[in-house]
Amino acid sequence: MYRSNRITCGAMAIIASLLLLCPVSDGDDIAAYLENHGLTELLAIHLEEQLDQVTGDRHDELLQRLASIYALLLETTEDPLQRASLEQRSRRLLVAAPNNTADALRLALLRGSYRSAELIAERHRLRLSSPEEVEDARELLAEVIPDLTGLGKRLTELGDLKERRLSRAAGSEAAAISDEIEQVHRLHTQCTFLSAWALYYQSYLHERPDNARAAEPLFAELLGSQYSHPRPEDISLDLRAMEPFARSMLGMAMCKSLTASSPTALEWLDLLEHETTFPPLRRELPAWRMVIHLENGEFAAAQRILEQVLDEYDRPSLPPAWLRLAAARALEAESNARQARELKSLAVTELASRGELKQILDLAGRYGVEALGGSGFVLGYVQGVLSYDEARSAHDDEQPTLRPDLIALYGRAVEHLTVALEEPDAADYQNAAAACRRLVAWCRYFQSRFLEARTDFETASERLPPEDAPEALWMAIVCLDRAVEAGADGGIEDELARLIDQFLNRYPGSEHAATLVYRRALAADEISPEIVAELLAVEPASEVYEAAQARAAQMLYQLFRNSTGDERLAYANEYLAVAVGLLAADERRIDPAEPLAIQRFVVRCRRILEVSLTDGVGRLVAAAGALRAFDELAATRSFDASALADEIDYRRTQERLGWDDVRTAGSIADSLWSRDPDSDWTRLAQRAMFRHARRAWKDPADEAGDDRGPIALVIHFGQRVLEEYEDDPQSLSDPAVLGYFAVVGEALMTRWMRSGSESDGRTALALYDLLIRVRPRNGVFLRSLAVLCERLGHTERALGYWRRLVAGRAMGSEEWYEAKYHLLELLYETDPQRAREVMDQHRQLNREYGPAPWGARLKGLDQRIDERLGRAAAEGGEGRP
């Protein structure tokens, strides 16, 4: 019934949360908890909820309690929106409240209305309120005064009633009634105070004394006087230390200024000239004295007070409102012209010396520049500002113009502003002079005179205070941009780069810094980590944040491609940290009907795949995300994905291998080979499979003998890799290519030795024949050829390879004994006599034949040679088979 739905929903959610933290059982417990913890706003909302659920005496009790809480909140709430809501809820509550209850709430609402009128009235004293605002204040006071009067009368009657009850009460009842009487008296005093001041302000705003006369007895009552119209000497001076009484003395003085004379009013102010007076009010007394003199046309007296204050006060701490008061009232004077002019000159000059140009501009706007009188920088500047405002009003556009009439208006403003800058006293107003120079720059900017404007903006930026300088330097950059657009040349690009560097060095935290960082990055001739760091430092709230991120990603990609080793890996991770987020953002908003957007998206997918799947990076989640994003876009048929099919399938192969899904990866690679074996992406996929299989083969967990195991994959994909070099006889001079051949040869030979497949053996032999031509002294190649030739029946070739190994290996090494043994064994089969000669030579050097296992094998072979030769001799042969 009484609450705002928006406030209540949120507040009740908070109350519900609080109830989880405290042991409460009913509405009273909740109210007590909220009150004890100072949660007054929540308490009010809780009581509103309770009010809808009770009736009778309980309802009236809650209503009065809620009224008291609203009154407290109205006194303490400063937020305008919260106060408006409270006032609305309070008025609804008062509709339901009996007339003799909720007086504190009624008074709080009236106080709020009074304060609104008071603020307008005091701004009107300074000539800052508009005529419409003044009329609103008059109407508001016309409503408030009768309500305050009625409330005061009702409180008086209520107090009398309670006094009579007290005379008949005793004990605790009497104590309770005494408390109630004290509360009523306190409300009555506050009501009287507001009534008195409201009557005074009504008289002041209507410029007639009648309501002020009605206010005087109320102020007298507040001051405890027995007279309706007391004299100052009738007042107890010890009261002035307390704010309500001190302000009542001030109220009486202000009323007397309207109903009597300035001397009478000043006698009341004299009561406050004491060290015990409420301090804030005592500090304001010179201003109130000026008010009284100015209201009575006593400009010379007001000037004396102002001069005295200027002598005694610390000049910077003097409130500008006091100077504004004197200047405005003097400008309005029609009599005492000389004294008013002198006061006006003093006040305006002092405002100017303090740099209060806004005040002077407002006065000039209200009373005219000529009315301010005098000369010098300040008045010239004011004339220039007014001319500038006239030009802007006529222009009514933020873009520069080429219209002759507008250019002329801006030119007139430039004339006034330039004259002001040439005044001898311009140096006394450094900040204002810099602001004047900036205004000249704005005029020339709107005149489309960009190069001149740029000079003025840059000059102003050197002299303006820190809070204004960045904007001026920014506008110098904007002017150069405009000049370039207009076709100007002569090294402007270099000047623009200089200004951008200067701005970023001076104001890295400016709102424009991000834009300039991005621009500098776009124009950079070279890519550097420093530029990338600047781009990545752009805050997310900046309007160029996404553009800066995109440019940083471009640069990081180039740095990645141009680097090696650990540096390359570091750039890869930096790139992905930026690019993955950009891809996600693009994915949410990409328009399939925008070809350029699609192109950027696809390029980003491809780059993320390239970087994330680079050896050593292994960012498989990023790769999977890019593949998914690409597939989803391809499914929309918004672009021709077939042109990228081979590349994307190669990336799928890499991604699956990263997860060790060899079967799927192999299927994709086979599909690529079937589709186009000559495609570069197909060849890359075969190599990826080949390298992965080789690593798995060399792993100790190799599943030996499994044709679909690593060795089979090495052979399957390795032979495809080797096909690339079939027509290039010089390819084996490349160590990498030589390695491919060696690995495939080794795999074929390994499988041949396990399975005995003649096809594998002959293919391996062909590969090693190629390898040995390039590396004729390579021990691995020689041994492989020796073994292959020996088992495939190429005995003479085998003998040749074993001899080369014996000759080429270090005598006594493992490899040497192996080669020696196989050489002797082949000689034993082909030429036993020669075998005997070679064995004899061996025994001369190795009486024990050699280390295990070769010593035993050689010794056994020696015996077999003897036996064979013996049989041959017995048979009369020559020992040959």
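Residues numbered from 1 in each chain as written. Predicted model: local features only at pLDDT ≥ 70, side-chain atom pairs only at ≥ 80, totals over all residues. Heavy atoms only, no water.

Concerning the overall build of the chain
Within the chain one finds 40 helices and zero strands. Here the chain, with 881 residues, has 48% of them falling under the buried criterion. (Helix = DSSP H or I, 4+ residues; strand = E, 2+ residues; numbered from the N terminus. Buried < 20%, exposed > 50% of the residue type's maximum accessible area, 1.4 Å probe, protein only.)

Some remarks on the side chain of Asp 646
Positionally, Asp 646 belongs in helix α30 (residues 645-658). If sequence neighbours within four positions are ignored, Asp 646 has contacts with Leu 672, Arg 675, Asp 676, Ser 679 and Trp 681. (Contact = heavy atoms within 4.5 Å.)

Focus: the nonpolar core
Judged by nonpolar contacts, the single largest core of 184 residues is most densely connected at Leu 269, Leu 306, Phe 377, Tyr 381, Tyr 445, Phe 457 and Tyr 575. Broken down by element, the residue count for this core peaks at 12 residues, all from helix α8 (residues 171-206). Dropping the residues within four chain positions of it, Phe 457 is found in contact with Arg 438, Ala 441, Trp 442, Tyr 445, Ala 472, Met 475, Ala 476 and Cys 479. Residues Leu 738, Leu 748, Leu 785 and Ala 819 belong to the second largest nonpolar core, which totals 69 residues. (Core = buried A, V, L, I, M, F, W, Y, C linked by side-chain atoms within 4.5 Å.)

What to know about the environment of Val 134
Counting through the fold element by element, Val 134 comes out in helix α7 (residues 131-168). Taking the C-alpha atoms as reference points, Val 134 and Ile 120, separated by 14 residues in sequence, lie 6.5 Å from one another. In this structure, Val 134 is in contact with Ile 120, His 124, Ser 129 and Leu 205, ignoring residues within four places of it in sequence.

Considerations on unusual backbone geometry
Comment: phi is negative for the bulk of residues other than glycine, and the bulk of peptide bonds are trans. Here Ala 852 and Pro 853 are connected by a cis peptide whose omega angle stands at 0°. Within the element layout of this structure, Pro 853 appears in the loop between α39 (832-845) and α40 (854-874). Backbone geometry at Asp 396 places phi at a positive 55°, although glycine is not the residue there. Given a relative accessible area of 66%, Asp 396 falls into the exposed group. With a phi angle near 75°, Tyr 849 is a residue other than glycine that sits in the positive phi range. Structurally, the position occupied by Tyr 849 is in the loop between α39 and α40. Accessibility expressed as a relative area gives 8% for Tyr 849, which makes it buried.

A few points about the packing of helix α18 (residues 377-395) against helix α20 (residues 430-446)
The contact between α18 and α20 brings their axes to 11 Å, and the two run at 30°. In terms of their interaxial angle, α18 and α20 are classed as roughly parallel. By crossing handedness, the relation of α18 to α20 is classed as left-handed. Here Phe 377, Tyr 381, Val 385, Tyr 388, Arg 392 and His 395 of α18 come into contact with α20, specifically with Ala 432, Ala 433, Ala 435, Cys 436, Leu 439, Trp 442, Cys 443 and Phe 446. Of the residues that constitute the contact of α18 with α20, the class distribution is 12 nonpolar, one polar and one charged. (Axes fitted to C-alpha atoms, helices over the stretch in contact; angles between N-to-C directions. Parallel < 35°, antiparallel > 145°, perpendicular 65-115°, else oblique. Left-handed = near helix turned anticlockwise from the far one by under 90°. Nonpolar A, V, L, I, M, F, W, Y, C, P; charged D, E, K, R; others polar.)

Examining helix α28 (residues 595-612)
For α28, which comprises 18 residues, the first-to-last C-alpha distance of 26 Å matches the rise-based estimate of 26 Å (1.5 Å per residue) to within 8%. Looking at the packing, one finds that the buried side of α28 touches α26 (545-561), α27 (565-589), α29 (620-635) and α30. (Expected span 1.5 Å × (residues − 1).)

Topic: a negative patch on the surface
Taken together, Glu 132, Glu 133, Asp 136, Glu 139, Glu 143 and Asp 147 make up a surface patch of like negative charges. Residue position: Asp 147 is located in helix α7. Take Asp 147: its relative accessible area is 43%, and that puts it in the partly exposed class. (Patch = residues over 30% accessible without salt bridge, like charges linked within 9 Å, V, L, I, M, F, W, Y side chains within 5 Å. Areas by Shrake-Rupley, 256 points an atom, 1.4 Å probe, with all protein chains shown as cover. Salt bridge = Lys/Arg side-chain N within 4 Å of Asp/Glu carboxyl O. Lys, Arg positive; Asp, Glu negative; His and termini not counted. Charge placed at Lys NZ, Arg CZ, Asp CG, Glu CD.)

What about helix α33 (residues 710-723)?
Compared with an ideal rise of 1.5 Å per residue, which puts 14 residues at 20 Å, α33 spans 20 Å between its outermost C-alpha atoms and is within 8% of the ideal. Counting buried positions over the 14 residues of α33 gives 11, a clear majority of the element. Of the residues making up α33, those classed as buried are Pro 710, Ile 711, Ala 712, Leu 713, Val 714, Ile 715, Phe 717, Gly 718, Arg 720, Val 721 and Leu 722. On its buried side, α33 packs onto α31 (662-675), α32 (680-697), α34 (735-755) and α35 (758-774).

Let's talk about the side chain of Glu 216
Locating Glu 216 in the fold gives a position in helix α9 (residues 210-222). Separated by 3.3 Å, the side chains of Glu 216 and His 229 make a polar contact. Setting aside its immediate chain neighbours within four residues, Glu 216 contacts Ser 228, His 229, Met 252, Cys 255, Lys 256 and Thr 259. (Polar contact = N/O pair within 3.5 Å; in protein donor to acceptor, adjacent residues only side chain to side chain.)

Observations concerning the packing of aromatic side chains
Applying the stated criterion across every chain, the model contains 22 aromatic pairs. With centroids separated by 5.7 Å and ring planes inclined at 90°, the aromatic side chains of Trp 442 and Tyr 445 adopt a geometry described as edge-to-face. Here Trp 442 pairs with Tyr 445, and both are found in helix α20, just three residues apart, close to one helical turn. Taking relative accessible area as the criterion, Trp 442 reaches 22% and is therefore assigned partly exposed. Plain terms: the ring middles of Trp 816 and Tyr 817 are 5.1 Å apart, the flat faces sit at 85° to each other, and that makes the pair edge-to-face. By relative accessible area, Trp 816 is classed as buried at 4%. According to the relative accessible area criterion, Tyr 817 is buried, its value standing at 6%. Clustering of aromatic rings is evident, with ring pairs tying together Tyr 388, Tyr 410, Trp 442, Tyr 445, Phe 446, Phe 450 and Phe 457. (Phe/Tyr/Trp six-rings, centres within 6.5 Å; stacked < 30°, edge-to-face > 60°.)

Side note on the pattern of salt bridges
For the structure on display, the rule yields 58 salt bridges. Arg 506 is the partner of Glu 462 in a salt bridge, and the nearest nitrogen-oxygen pair spans 3.1 Å. Taken together, the residues span a long stretch of sequence, with Glu 462 in helix α21 (residues 450-463) and Arg 506 in helix α23 (residues 492-506) at a distance of 44 residues. What makes Arg 506 partly exposed here is its relative accessible area of 37%. Of the charged contacts, one joins Arg 836 and Asp 840 as a salt bridge, the two residues approaching to 2.9 Å between their closest N and O atoms. Remark: Asp 840 and Arg 836 occur in helix α39; sequence separation between them is four residues, near one turn of the helix. Judged by relative accessible area, Arg 836 falls into the buried class, the value being 10%. Three or more residues joined by partner-sharing salt bridges are found here, namely Arg 437, Arg 444, Arg 449, Glu 452 and Asp 456.

Considering the packing of helix α6 (residues 103-125) against α8
In the contact formed by α6 and α8, the axes pass within 10 Å of each other and the chain directions differ by 30°. The orientation of α6 with respect to α8, classified from their angle, is roughly parallel. Here α6 and α8 pass one another in a crossing that is left-handed. Facing α6, whose interface residues are Asp 103, Ala 104, Leu 107, Arg 111, Tyr 114, Glu 118, Ala 121, Glu 122, His 124 and Arg 125, α8 presents Leu 187, Gln 190, Cys 191, Leu 194, Trp 197, Ala 198, Tyr 200, Tyr 201, Tyr 204 and Leu 205.

A closer look at the confidence of the model for the chain
Interpreting fine coordinate detail is not advised for predicted regions of low pLDDT. Mean pLDDT over the chain works out to 85, with 87% of the residues at or above the 70 mark. Predicted confidence for residues 1-25 stays below pLDDT 50, and this span has 42 contacts to residues more than four positions away or in other chains. (pLDDT = per-residue confidence, 0-100.)

Some remarks on the environment of Ala 441
Mapped onto the elements of the fold, Ala 441 is located in helix α20. The class for Ala 441 is buried, based on a relative accessible area of 0%. Remark: the alpha-carbon pair of Ala 441 and Arg 454, spanning 13 residues in sequence, is separated by 7.1 Å. Beyond its immediate sequence surroundings of up to four residues, Ala 441 is in contact with Ala 453, Asp 456 and Phe 457.

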